[in-house]
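Take a look at the letters that make up each chain.
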Amino acid sequence: MLIDSHCHFCFPELQTDVQGVLSRMRAAGVGMALNISTSTRDLVQVVQFAQEHEGIFASVGIHPDNTQTDEPDLATLLAHSRADKVVAIGETGLDYFRLREPLEWQRARFRTHIRAAREAGKPLVVHTRAAAQDTLRILREERAQDVGGVMHCFTEDADVARAAMDLGFFISFSGIITFKSARSLREVAALIPDDRILVETDAPYLAPVPHRGKTNEPAWVRHVASTLAELRKQSFEQVCEHTSNNFYGLFKVLR
Ligand SMILES: [Zn+2]
Ligand SMILES: [Zn+2]
């Protein structure tokens, strides 16, 4: 069995055909998925969707790029974190690619999420783009190592991966590793220890080869896993086993 550790079921691209997306996911052998919140509206919807569907879990948080939202406070995040099937806090983190300084509000939002995760005793789903050093610094300053988490859709280098793993974090790869142009990232994917690796789609974005450019969906995490197997010179079954075991361990989900 495979698990998609990061997708967005509540985005309109997937909502238009939920039953189809879920049945193709199951037919592809993808037995579980983590449904990730990015907005205040999502906070309620990801939880509801998880509670309505077997094998779907929820992560609650507000995306660092989201400027159209009420600023989430600690109490709000904690209240949502207590709902049934919520296994993580996020996605949260820093993104200096899409937005420009002054971004003190973004760093403050990230700190609030880390505090919520520590108080809830749940791991973090971290998004980082063009901001690796600040992301690591804030994770350290806020003692995120007490709860750990995952660096989702990893696109950084081996040094950043090592620093994140030193903080107890897992490294999750998306369809980007199926792009031949992502040469250095494909090298990093080969280096991550078996007990620290996860796979994801980030659906509806980042469809892997051979579906590049289409609306991505959790079924296609198979292509990420088979590319990972190739890069790591392992069998597809080994990648399934390691990534699923890591998911159960990190998110405390029963198999
Ligand atoms: Zn992200
Ligand atoms: Zn995402």
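What counts, and where the lines are drawn
- Per chain, residues are indexed from 1 in the order of the written sequence.
- Each chain gets a letter, beginning with A, and each ligand a number, beginning with 1, in the order they are written.
- Selection of residues for local features in this predicted model requires a pLDDT of at least 70, selection of side-chain atom pairs for listing and counting requires 80 or more, and totals for whole chains, interfaces and linings are taken over all residues.
- Values reported for side chains reflect all heavy atoms of the structure, with hydrogen atoms and water molecules removed beforehand.
- Definition used for salt bridges: Asp or Glu carboxyl oxygen within 4 Å of a side-chain nitrogen of Lys or Arg.
- Counting from the N terminus, the helices are DSSP H or I runs at least four residues long and the strands are E runs at least two residues long.
- Burial status follows relative accessibility: with a 1.4 Å probe on protein chains alone, a residue under 20% of its type maximum counts as buried, one over 50% as exposed, and anything between as partly exposed.
- Here the coordinating atoms are restricted to nitrogen, oxygen and sulfur within 2.8 Å of the metal centre, or 3.2 Å for Na, K and Ca, and because water is not among them the sites may look incomplete.
- Working rule for geometry: tetrahedral if four donors all subtend angles between 85 and 135 degrees; square planar for four, octahedral for six, if opposite donors exceed 155 degrees and the others stay between 65 and 115; irregular in every other situation.
- Stacked, tilted and edge-to-face pairs are distinguished by plane angle, under 30 degrees for stacked and over 60 for edge-to-face with tilted covering the rest, among Phe, Tyr and Trp rings (Trp via its six-membered ring) whose centres lie within 6.5 Å.
- Comment: the charge-over-ring label is applied if NZ (Lys) or CZ (Arg) is within 6 Å of the ring centre and within 35 degrees of the ring normal.
- Pairs of strands are assigned from DSSP output, requiring at least two bridges between the strands.
- With the strands pointing away from the viewer, any crossover whose connection runs clockwise from the first strand over the helix to the second is right-handed.

A. Just the pattern of salt bridges, in detail. Considering all chains together, one arrives at 15 salt bridges under this definition. With a closest N to O distance of 3.8 Å, Asp 42 and Arg 41 form a salt bridge. Close ionic contact of Glu 104 with Arg 107 constitutes a salt bridge, the shortest N to O distance being 3.0 Å. Placement of the pair is Glu 104 and Arg 107 together in helix α5 (residues 104–120), with a separation of three residues, close to one helical turn. The buried category is assigned to Arg 107, whose relative accessible area is 11%. Among the charged side chains, a salt-bridge network with shared partners connects Arg 111, Arg 115, Asp 134, Arg 137, Glu 141 and Glu 142.

B. View of the coordination of the zinc ion (ligand 1). Around the zinc ion (ligand 1), the protein contributes the donor atoms Glu 91 (OE), His 127 (ND1) and His 152 (NE2), which lie 2.0 to 2.1 Å from the metal centre. If you list the donors of the zinc ion (ligand 1) from N- to C-terminus, the spacing comes out as E-x35-H-x24-H. Taken as a pair, the zinc ion (ligand 1) and the zinc ion (ligand 2) lie 3.5 Å from each other and share Glu 91 as a ligand. Here His 152 lies in the loop between β6 (149–151) and α7 (158–166) and His 127 lies in strand β5 (residues 124–129), a separation of 25 residues in the sequence. Both residues of the pair, His 127 and His 152, count as buried.

C. Representation of the coordination of the zinc ion (ligand 2). For the zinc ion (ligand 2), every protein donor is listed as His 6 (NE2), His 8 (NE2), Glu 91 (OE) and Asp 202 (OD), and the spread of their distances is 2.1 to 2.4 Å. Angles of 86 to 176 degrees at the metal separate the four donor atoms of the zinc ion (ligand 2), which places the site in the irregular class. Sequence spacing among the residues donating to the zinc ion (ligand 2) works out to H-x1-H-x82-E-x110-D.

D. Inspection of the packing of aromatic side chains at higher detail. All told, the structure shown has four aromatic pairs when counted by the stated rule. Taking 5.9 Å as the distance between ring centres and 70 degrees as the angle between the ring planes, the aromatic pair formed by Phe 11 and Tyr 205 counts as edge-to-face. Separated by 194 residues along the polypeptide, Phe 11 in the loop between β1 (2–7) and α1 (12–15) and Tyr 205 in the loop between β8 (197–199) and α9 (221–232) bring together distant segments of the chain. On the accessibility criterion, Phe 11 (12% relative accessible area) is buried. Sitting over the face of the ring of Phe 57, Lys 85 holds its NZ or CZ atom 5.2 Å from the ring centroid. Taking the ring centre of Phe 170 as reference, the NZ or CZ of Arg 196 above it sits at 5.7 Å.

E. Highlighting the pairing of strand β3 (residues 56–60). Extensive coverage of β3 is indicated by the burial of five of its five residues. Where burial is concerned, the two faces of β3 agree: the one with Ile 56, Ala 58 and Val 60 and the one with Phe 57 and Ser 59 are both buried. Sheet analysis places strand β2 (residues 30–36) next to β3, joined by four bridges and oriented parallel. Looking at β3, one finds that Ala 33 is bridged to Ile 56. For the crossover that starts at β2, traverses helix α3 (residues 40–52) and ends in the parallel β3, the hand is right-handed. Note: β3 against strand β4 (residues 86–95), three bridges, orientation parallel. Directly across from Ala 58, in β4, lies its bridge partner Val 86.

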